[in-house]
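# Remarks on the overall topology
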Amino acid sequence: MRALLVVLMMLICPASYSAQLGFPVLPGGALAFKKVESFRERRFSNLIEQKTDFSCGAASLATILYQGYRFDIDEQTVIEGMLQQADLDLVRSQGFSMLDMKRYVEAIGLRARGYRIPAEQLEQVKVPVVVLLDVRGYKHFVVLQKTEGNWAYIGDPVLGHKRYKLDEFKEGWNGIVFAVIGAGYDRNNPLTEPPQPLTARNRLDRFRPVNDAELMEFGFIQSDFF
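Residues numbered from 1 in each chain as written. Predicted model: local features only at pLDDT ≥ 70, side-chain atom pairs only at ≥ 80, totals over all residues. Heavy atoms only, no water.

### Topic: the confidence of the model for the protein chain
- For the protein chain, per-residue confidence averages 81 on the pLDDT scale, and 74% of positions sit at 70 or higher.
- Averaged pLDDT values for the elements of the protein chain fall to 42 in helix H1 (residues 2-12) and rise to 97 in helix H3 (residues 56-68).
- Predicted confidence is poor over residues 201-207, with pLDDT under 50, and the contacts of this stretch with residues over four places away or in other chains come to 9 contacts. (pLDDT = per-residue confidence, 0-100. Helix = DSSP H or I, 4+ residues; strand = E, 2+ residues; numbered from the N terminus. Contact = heavy atoms within 4.5 Å.)

### Structural notes on the sheet that holds strand E6 (residues 151-156)
- Spatially, 6 strands are ordered E3-E8-E4-E5-E6-E7 in an open sheet, and the strand pairing comes out antiparallel. Every other strand in the sheet has two partners, leaving strand E3 (111-116) and strand E7 (160-165) as the edge strands with one partner each. For this sheet the average axis-to-axis angle between neighbouring strands, irrespective of direction, equals 35 degrees.
- Note that strand E5 (residues 138-148) and E6 share 5 bridges and pair antiparallel. By the bridge assignment, Glu148 is partnered in E6 with Trp151.
- With respect to the sheet, H3 is in contact with strand E4 (129-135), E5 and strand E8 (173-181), its orientation differing from that of E5 by roughly 25 degrees.
- Contacting E3, E4, E5 and E8, helix H6 (residues 98-107) runs over the sheet at an angle of about 10 degrees to E8. (Pairing = 2+ DSSP bridges. Axes fitted to C-alpha atoms, helices over the stretch in contact; angles between N-to-C directions.)

### As for the nonpolar core
- Counting 54 residues, the largest nonpolar core has Leu61, Leu122, Phe169, Phe178 and Val180 as the members making the most contacts within it.
- Setting aside anything within four residues of it in sequence, one finds Phe178 in contact with Leu61, Met98, Met101, Lys102, Val105, Ala112, Arg113, Gly114, Val129 and Val130. (Core = buried A, V, L, I, M, F, W, Y, C linked by side-chain atoms within 4.5 Å. Buried < 20%, exposed > 50% of the residue type's maximum accessible area, 1.4 Å probe, protein only.)

### Quick look at H6
- Listed in full, the buried residues belonging to H6 are Met98, Asp100, Met101, Tyr104 and Val105. In a view along the axis of H6, the buried residues occupy a sector of 155 degrees, so they form one face of it.
- Two residues or fewer past H6, Gly109 is found with a positive phi of approximately 95 degrees. (Arc of directions from axis to C-beta.)

### Quick word on unusual backbone geometry
- One non-glycine residue with positive phi stands out, namely Asn46, at about 70 degrees.
- Backbone geometry at Arg70 places phi at a positive 60 degrees, although glycine is not the residue there.
- Its location among the elements puts Arg70 in the loop between H3 and helix H4 (75-83).

### Here's the deal with the pattern of salt bridges
- Under the definition given, this model contains 8 salt bridges.
- For Lys170, the salt bridge identified is with Glu120, shortest N-O distance 3.7 Å. With a gap of 50 residues between them, Lys170 in helix H7 (residues 166-172) and Glu120 in the loop between E3 and E4 connect regions that are remote in the sequence.
- Here Glu120 falls in the exposed class, since its relative accessible area comes to 61%.
- Several salt bridges share partner residues, and in doing so they unite Glu120, Asp167 and Lys170 into one network. (Salt bridge = Lys/Arg side-chain N within 4 Å of Asp/Glu carboxyl O.)

### So, the packing of H4 against H6
- Where H4 contacts H6, the axes come no closer than 9 Å and their chain directions differ by 100 degrees. As far as their axial angle goes, H6 and H4 are roughly perpendicular. Residues Thr77, Val78, Gly81 and Met82 of H4 lie in contact with H6, whose contacting residues are Asp100, Met101 and Tyr104.
- Within the contact of H4 with H6, the residues separate by chemical class into 4 nonpolar, 2 polar and 1 charged. (Parallel < 35°, antiparallel > 145°, perpendicular 65-115°, else oblique. Nonpolar A, V, L, I, M, F, W, Y, C, P; charged D, E, K, R; others polar.)

In C-alpha cells, the structure reads:
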C-alpha cells in the first residue's frame, strides 16, 4: 500500500518540476517530506538552457559566469551584451563566435583566452571552459566541465548534462578551449563536479579543490585570488 501511495504522488506531480513529497514513514502514519527532483531538472541542474536557435554560445558563457563567478546573469543578458559589438549579419547566419564572447567577457571586467590543447592534456584543464563541437555538421557551443579518465563531461545548453567517451568527444571538437579568467572565480563551483549518470554504481569520489598553482598555470594571476 505504501508503494502505491508513493507512485500516486509521483503521478500527480508534473515530471518537469521538483516537489516536496510526503512519505508515511513516521509513527501514526505521519508524513516525512523529501524533495524529489525530476529527470529534466537533474539533466539541466546548474546549467542555463538555450532558448533560441543561435544562442548556444550565450547560454554556455552565461552558465560559466553564473556558476563560476556568481554573476547575476542569464542568457538574454549575454545575448544583448554580445550584440553591442557583434556583426549582426554574421550572427544571423552563423550565430555568435568566440571573438564575440571574448569581447563581451572583457567588457564586463574579466579576461578571456583561447587555448589549443591536445585531447590527451584535457584533464589538466581545471576550470570549466566553452568548447565548439561539430554535431553532424552543426556547430554547437557547450561547456566542457571536466575530463576524468576516459570521459568528457559536457554541459550542453540543449541536451543538458552529457558524458562522452574521450575518443567520441575528440571526433567533434575543434581542439580549442575558451576560458574565462579573473577575480572572483569560485573554485568549488558546481560545474567542477557534474552529476554522474543515474546508472553509475560504486564510483570513487575523486573530487578535490583546485589549488592556486593549477589555476595560475591556466592563466590566472595572484591578484585574482584576493
